[in-house]
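Residue strings, one per chain:
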Amino acid sequence: MHLKAGEEVEVPSTDTSAYCQARARLPEKLLEKLFNFSAQSLEQKVATEYLWCGRNVKVIDGSTVSMPDTVENQKEYPQPSSQKPGCGFPIAKIGVIFSLVTGAATALCIDVLNTHDIKLARKLYSFLKPNDVLLGDRAFCAYADMVTITKLGCDAIFRKHQSRTTTMSKGKIIGDCDKLVTWYKPKSCPKGLNKDEFLALPPSITVREVYYYVVIPGFRTQQVSLITTLLDKSSYSTLEIVGLYGKRWDVEIDLRHLKTTLGMDILRCKTPSMVRKEIYVFLLAYNLLRSLMWDAGTTYTTPPLRLSLQGTRHHLINFIPKLLAAHSTKRLQIYHTLLKVIAHKAVPERPGRSEPRVRKRRPKVYPLMTKPRHELRKQLQTA
């Protein structure tokens, strides 16, 4: 329909109430279920050829997200205790497990800011499947966690916690910088475990310790000690374990994609329930993009993890109008064209890349807020 000049046109309403009400009616459990389904659907596409030593590797890490400063959000997810009331924003702690093969998020846990990463991890272990291998940094390297993971039929590779010393004088040496050591049950119950869980722990466990030196210029870490439950050196060589742990950094990139590329760093919802829904929607969208990247990579023989997530997002947005307007047969052709466009240019692999930890964009010169806004207003009025 074409309108002539001078014809009156009804001005669209700027009221977003209907949209907000519909969004609020979406059950949180439904979004959680859709997120889990998106992860499981992509995991089912992974063939044996993509696995590490026949094992599916998962990577775990924690992060934070900020949200609007409302009474409800502050009550559920308080701001840092170091900040004065009225001068900070509510912050939630999230724990996420990613698939190393697909890059998809497979499990999520949301809690308050002062929750330790290991506490979040213990809520996420139930999402592991038998024969999985879990990668993590030193925050997750604890006696009880090693026991729990092995009981699930899985294995772990964690960086050794800084409280434990590294020495070759103890343990059974099985190779260069590689040995089997015995860990003994803690004498007192650690924080985060109840009495029954502590009593159920075995008196000792055998773990494998691998340590190596980093000689890449610019890297902060010079020596790395790994603890793993993969004890069989003939099946899992020292170099394979070291190489696999080197890919743990992928979880940092995945979190950066979620928080920076997709914009999950600062949430917009004003109630805790809507905040959790917003997080699940972000992860659902992220997984759908990863699924599209997987289809593009496997269809056109390009490593899916070498494709650009931001590029995939832009291409999808450009193709959506054509996909919606086309009939079923034509839509399939357009979809394959989309996959070809996505797989056209891969991101170059840059092993050992080191960049300075600096920011080029200068922040505003305004001072930080150290008093609530109403107090600052009074200062302005009395100045």
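Just above, that's the structure.
Let me begin by describing the structure that accompanies this report. The structure displayed is predicted, hence computed values, not measured ones. Along every chain, residues carry numbers that run from 1 in the direction the sequence is written. In keeping with the model being predicted, local features are shown solely for residues with a pLDDT of at least 70 and side-chain atom pairs are shown and tallied solely at 80 or more, while totals for entire chains, interfaces and linings include all residues. With hydrogens and water stripped out, all remaining heavy atoms of the structure feed into the side-chain values.

## Digging into the environment of Leu244
- Counting through the fold element by element, Leu244 comes out in helix H7 (residues 238-246).
- Categorising residues by exposure relies on relative accessible area from a 1.4 Å probe, with only protein chains included: less than 20% of the type maximum marks a residue as buried, more than 50% marks it as exposed, and the intermediate range marks it as partly exposed. A relative accessible area of 2% places Leu244 in the buried class.
- Sequence separation of Leu244 and Ala285 is 41 residues, and the distance between their C-alpha atoms is 27 Å.
- In what follows, a contact means two residues having at least one pair of non-hydrogen atoms within 4.5 Å. In this structure Leu244 touches Trp52, Val57, Leu100, Val133, Leu135 and Ile157, once residues within four positions along its chain are discounted. Secondary structure is summarised from DSSP: a helix means a run of H or I of at least four residues, a strand means a run of E of at least two, and numbering begins at the N terminus for each.

## Details of the nonpolar core
- Grouped together as the largest cluster of nonpolar side chains are 58 residues, with contacts concentrated most on Leu108, Ile157, Met264, Ile279 and Leu283.
- Excluding its chain neighbours within four sequence positions, the residues that come into contact with Ile157 are Val133, Leu134, Leu135, Gly136, Leu226, Ile227, Thr228, Leu230, Ile241, Leu244 and Tyr245.
- With 28 residues, the next largest nonpolar core counts Cys141, Tyr143, Leu193 and Val207 among its residues. Put simply, buried Ala, Val, Leu, Ile, Met, Phe, Trp, Tyr and Cys residues joined by side-chain atoms within 4.5 Å make one nonpolar core.

## Remarks on the pairing of strand S9 (residues 223-228)
- Counting buried residues in S9 gives five out of six residues, a clear majority hidden from the surface.
- The pairing of strand S5 (residues 155-159) with S9 spans three bridges and is antiparallel. Its bridge partner lying in S9, Arg159 is registered against Leu226.
- Strand pairing is assigned whenever DSSP identifies at least 2 bridges connecting the two strands. Across six bridges, strand S8 (residues 204-213) lies against S9 in antiparallel orientation. Pairing of Arg208 across the sheet is with Thr228, part of S9.

## Structural notes on the packing of helix H8 (residues 250-261) against helix H9 (residues 272-299)
- Under this scheme, a helix contributes an axis fitted over its contacting stretch, all axes are lines through C-alpha atoms, and angles between N-to-C directions fall in the 0 to 180 degree range. Here H8 crosses H9 at 120°, and the two axes come no closer than 10 Å. Relative to H9, the element H8 lies oblique. Judged by the twist between their axes, the crossing of H8 over H9 is right-handed. Contacts from Asp254, His257 and Leu258 in H8 reach Phe282, Leu283, Tyr286 and Arg290 in H9.
- Note that Gly is not counted as nonpolar here; it falls among the polar residues with everything else outside the nonpolar set of Ala, Val, Leu, Ile, Met, Phe, Trp, Tyr, Cys and Pro and the charged set of Asp, Glu, Lys and Arg. Of the residues assigned to the contact of H8 with H9, the class counts are four nonpolar, one polar and two charged. By the definition adopted for this analysis, an angle is roughly parallel if under 35 degrees, roughly antiparallel if over 145, roughly perpendicular if from 65 to 115, and oblique otherwise. Should the near helix be turned anticlockwise from the far one by less than a right angle, the crossing is left-handed, and should it be turned clockwise, the crossing is right-handed.

## What about the sheet that holds S5?
- Taken in spatial order, the nine strands line up as S3-S2-S1-S4-S5-S9-S8-S7-S6 in an open sheet, and their pairing is mixed. Of all the strands in the sheet, just strand S3 (105-112) and strand S6 (172-175) have a single pairing partner and so form its edges. Each strand axis lies, on average, 25° off the axis of its neighbour in the sheet, ignoring direction.
- As paired elements, strand S4 (residues 132-136) and S5 share four bridges and run parallel to each other. Paired with Leu134 across the strands is Ala156, a residue of S5.
- Of the strands in this sheet, strand S1 (56-66), strand S2 (91-99) and S3 are in contact with helix H2 (residues 28-43), which crosses S3 at around 150°.
- The strands that H8 touches are S1 and S2; relative to S1, the one it contacts most, it runs at about 40°.

## Observations concerning the side chain of Asp137
- Mapped onto the elements, Asp137 comes out in the loop between S4 and helix H5 (143-151).
- For the purpose of counting charges, residues Lys and Arg are taken to be positive, whereas Asp and Glu are taken to be negative. His and the chain ends are not included. Counted as salt bridges are all cases of a side-chain nitrogen of Lys or Arg within 4 Å of a carboxyl oxygen of Asp or Glu. Comment: no salt bridge for buried Asp137; closest opposite-charge side chain is Arg248, at 4.3 Å.
- Contact partners of Asp137, with chain neighbours within four places excluded, come to Asp61, Phe158, Arg159, Tyr245 and Arg248.

## Concerning a nonpolar patch on the surface
- A cluster of nonpolar side chains, namely Leu26, Leu30 and Leu34, defines an oily patch on the protein surface of about 210 Å² accessible area.
- Here Leu30 shows up in helix H2.
- Judged by its relative accessible area of 35%, Leu30 is partly exposed. Patch definition: residues with relative accessible area over 30% and no salt bridge; like charges joined within 9 Å; nonpolar side chains (Val, Leu, Ile, Met, Phe, Trp, Tyr) joined within 5 Å. For accessible areas, the Shrake-Rupley method is used with a probe of radius 1.4 Å. Any residue's cover is judged against the shown protein chains and nothing else.

## Re the pattern of salt bridges
- Under the defined criterion, the tally for this structure stands at 17 salt bridges.
- A salt bridge links Arg276 to Glu28; its shortest N-O distance comes to 3.0 Å. Taken as a pair, Arg276 in helix H9 and Glu28 in helix H2 lie far apart in primary sequence, 248 residues in all.
- By relative accessible area, which is 19% here, Arg276 ends up buried.
- Classification of Glu28 by relative accessible area gives partly exposed; the value is 23%.
- One salt bridge in this structure joins Asp145 and Arg122, with 2.7 Å as the shortest N-O distance. Here Arg122 lies in helix H4 (residues 117-124) and Asp145 lies in helix H5, a separation of 23 residues in the sequence.
- Note on Asp145: relative accessible area 0%, which makes it buried.
- On the basis of relative accessibility, which here comes to 26%, the residue Arg122 falls in the partly exposed class.
- Shared partners join several salt bridges into a network, and the residues in it are Glu28, Glu76 and Arg276.

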